[in-house]
Amino acid sequence: MKIFLIVISVCLLLVNRPLFAEQDSYVFEFPEINELWMRAAPPNANMLAAYVTIENNTQHNLKLTGAYAPDFGMAEIHKTIEEDGVLRMREQHELELPMQSSVVMEPGGLHIMLMMPQKKFKIGEKVRICLLYQDQAGAEHVQHLDFPVMMK
Ligand SMILES: [Cu+2]
C-alpha cells in the first residue's frame, strides 16, 4: 500500500511539472520582420538609412528601444517630421509596439539612421543591424538581422 501511494505521488509530480512550467514561464517571442533594406549611398556618405517593417504578432506588448550596427559608429531610430516647411529628424528613444500591431519604417518617415560607417557597402551586400526591444517585464532582447543593400 505504501509503495502504491509513492508510485501515485511520483506520477502526479511528473504529470504536474510540465503543467506548472507552462503556467509560470514566459517565453519571449520576437516580432516578425519584413521589407528590410538599407539604402545604397555614395561611397563618401557618412550617414545611411535603413528601413524595416516590424510586426508584433505575439500576445505581448513590446517597445523598440534602439538599434545597434557593428559596421557603424552610431545607430539610432529616427522619425522625419515636417516643421514649418522644414524636414527635421527626431530620435525615437522608445517606440511602442503593442501586441498585434506593427511599426513601418520607410523613406520620409521612421528609419534607422546609421552614422560613421566603418566600411563601404555594395549593392546586394548584407549589413548586420540589431534591433533592441524591451518586454513588459523590462527585460532587453536583441534581434540580429541582415539588411540587404538596395537601390530603390
Ligand atoms: Cu535620421
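The rules we used
- Residues numbered from 1 in each chain as written.
- Predicted model: local features only at pLDDT ≥ 70, side-chain atom pairs only at ≥ 80, totals over all residues.
- Helix = DSSP H or I, 4+ residues; strand = E, 2+ residues; numbered from the N terminus.
- Buried ≥ 20, exposed ≤ 12 C-beta atoms within 10 Å, placed from the backbone.
- Contact = placed C-beta atoms within 7 Å.

Trainee: Which parts of the structure should I look at to understand the overall build of the protein?
Mentor: What the protein contains, in helices and strands, is 1 helix and 10 strands. Scanning the protein from its N terminus toward the C terminus, one meets helices and strands in the order α-β-β-β-β-β-β-β-β-β-β. Across the 152 residues of the protein, 18% fall into the buried class. Taking as baseline every contact in the protein between residues at least 6 positions apart, the subset at least 24 positions apart corresponds to 67%.

Trainee: Can you help me understand the environment of Asp135 in this one?
Mentor: Along the chain, Asp135 turns up in the loop between strand 9 (126–134) and strand 10 (140–150). With 105 residues separating them along the chain, Asp135 and Phe30 place their C-alpha atoms 9.9 Å apart.

Trainee: Sorry if this is basic, but what is going on with the environment of Thr80 here?
Mentor: Inspection of the secondary structure puts Thr80 in strand 4 (residues 72–83). Of the residues examined, Thr80 has 15 C-beta atoms within 10 Å and is grouped as partly exposed. Each C-alpha atom, one on Thr80 and one on Gly108, is 6.0 Å from the other, the two residues being 28 residues apart in sequence. Setting aside residues up to four positions removed in sequence, Thr80 forms contacts with Leu87, Met89, Gly108 and Gly109.

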